[in-house]
Amino acid sequence: MTTLSNCNGKHLTLSDRIAIETGIENGDSFTKIAKRLGKSPSSISREVRRHLFLVPHYYNENSRRKSECIHFNGCQIKGVCGNTACPSICSKCRSKRCAGFCSAFETQKCSQLLKPPYVCNKCPHLRRCSHDFYFYRAKYADDTYQELKTSSRNGINQSPESLEQLDRLVSPLVKQGQSISHIYLTHKTEIPCSQRTLYSYIDQNLFSVINLDLPRKVKYKRRKLRKKDIPVPNYRLERTYADFQTYMSLFPETAVVEMDVVEGSGGKDDQVFLTLFFRNCSLMLIILLPADRREYIRQVFDTLLEELGAELYSKLFPVILTDNGGSFQDPAVFERPDHEEVTAKVFYCDPMASWQKGRLEKNHEFIRYVLPKGTSFSDLTQEKTTLLTNHINSTARASLNGCTPFQLALLLLDPKLMKLHHLEQIPADQICLKPSLLKDC
């Protein structure tokens, strides 16, 4: 026998409903049926009352009794048969049954249906009864259940008015280049649905924006693992990604800064971005360089060391993880062996393995929203670059529990670094991650 403990909470199946119908036909109580199915008696009671199958009583003038109307005792209506000259109250008329004429007639439910089993399946007075009949039929109950389960998942759970209001909130912000995640996190109290539902509404063309307006809507391919025996260059000795993993296992609390270069359509010889991503708060610094060359990288880190001091520099850049670009292949630029107080270390990702600093690579998408691939950086200034930096760092992230990188940086990074790079918080609704951001300034 099925026990209550291993079935409690599961939906009833067609075979369960057949057992309920059979139990009612046999005159079993709900408690006995429930024990047989491993359910609670209240579950059986609710199941029967939810799926009552109505069979209206066939009316003819001689068979239906006047007492079946719920208004019978106090009814004072006259002339429902059309004879307005008749002085008699229709409910007391013996020649014509008022039930066949009166629009106010309401069937009085049989008193036996007000208590278990709530149905007429086993009623001994079924043939003589003139009330409407209610039965429990397993097939009808299961069909009704399956239809409800399907229909409840169709359509949208919004009124036309609330959907229009939601569109007025979300669509303009999407057109500014804001992500759905940022919009949801900064307007959570105004949005009466989940973040996933917003994507569904856009996918169903219920908003004035479409999928093409979303900053990112692609599928990722599974990465192929490549194993090659490549000789390690001198600059990578004891600085490989495997060394990085070993170091982090020994010092797991150490902050990590990921570093890379972003090029425009002009390539390495045109202006480029040096990006520094602080893993602990997701803040990204973007520094405009005249070209992707080692001397310009050195100038940036010379300035950082000079302005911050050796102690603060070591605190902010204890571990730097970067790729094997030619401008990064001098570890002394970052580790500063000429300064004994500096304790920074640099490690290099494996060749063709940019995913090893994947958080920075993904953060570069924000740059590409404003400066798509094929855009030249030659007309940019550091002021425009700083504006772009501030808009990116003021975008709320679901991975940060709704906070922005700037807010976390205020807690985790030294304010001197923020002041040095002129970082400022942008109000949530003013954030723009479209090419128009830099064209308007």
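Nothing here was measured: the structure is a model prediction, and the numbers come from that model. (Residues numbered from 1 in each chain as written. Predicted model: local features only at pLDDT ≥ 70, side-chain atom pairs only at ≥ 80, totals over all residues. Heavy atoms only, no water.)

### Let's talk about the overall build of the protein chain
Moving on, step 1. Helix and strand content of the protein chain: 17 helices and seven strands.
Moving on, step 2. Against the compact-globule benchmark of 22 Å for 441 residues, the protein chain has a radius of gyration of 37 Å, which places it well outside the compact range.
Moving on, step 3. Principal-axis analysis of the C-alpha atoms gives the protein chain an extent of 115 × 60 × 35 Å.
Moving on, step 4. For the protein chain, buried positions account for 43% of its 441 residues.
Moving on, step 5. Restricting to contacts in the protein chain with at least 6 residues of sequence separation, those with at least 24 account for 68%. (Helix = DSSP H or I, 4+ residues; strand = E, 2+ residues; numbered from the N terminus. Rg over C-alpha atoms; globule rule 2.2 N^0.38 Å. Buried < 20%, exposed > 50% of the residue type's maximum accessible area, 1.4 Å probe, protein only. Contact = heavy atoms within 4.5 Å.)

### Section: the packing of aromatic side chains
Each aromatic ring pair is characterised by the separation of its centres together with the angle its planes make.
Moving on, step 1. If you walk through the whole model with that rule in mind, you get 17 aromatic pairs.
Moving on, step 2. Ring geometry for F278 versus F317: centroids 5.6 Å apart, planes at 50°, classification tilted. Placement of the pair is F278 in strand β4 (residues 272-278) and F317 in the loop between α11 (310-316) and β6 (319-322), with a sequence separation of 39 residues. The same class applies to F278 and to F317, which are both buried.
Moving on, step 3. Seen from the ring of Y118, R49 lies directly overhead, with NZ or CZ sitting 5.3 Å from the centre. (Phe/Tyr/Trp six-rings, centres within 6.5 Å; stacked < 30°, edge-to-face > 60°. Lys NZ or Arg CZ within 6 Å of the ring centre and 35° of its normal.)

### Observations concerning the sheet that holds strand β5 (residues 283-289)
Paired through backbone hydrogen bonds, the strands of a sheet run either parallel or antiparallel to each other.
Moving on, step 1. The mixed open sheet is built from five strands, whose spatial order is β5-β4-β3-β6-β7. Across the chains shown, the open sheet's two edge strands, defined by having one partner strand only, are β5 and β7 (345-348). When the angles between neighbouring strand axes are averaged without regard to direction, this sheet yields 25°.
Moving on, step 2. Note that strand β3 (residues 256-263) and β6 share three bridges and pair parallel. Bridge pairing in β6 links E258 to L321.
Moving on, step 3. Docked against the sheet, helix α13 (residues 358-370) engages β3, β4 and β5, running at close to 40° with respect to β3.
Moving on, step 4. Its contacts with the sheet put helix α14 (residues 382-393) on β4 and β5, and the angle it makes with β5 is roughly 165°. (Pairing = 2+ DSSP bridges. Axes fitted to C-alpha atoms, helices over the stretch in contact; angles between N-to-C directions.)

By themselves, these figures tell us nothing about what the structure is for.
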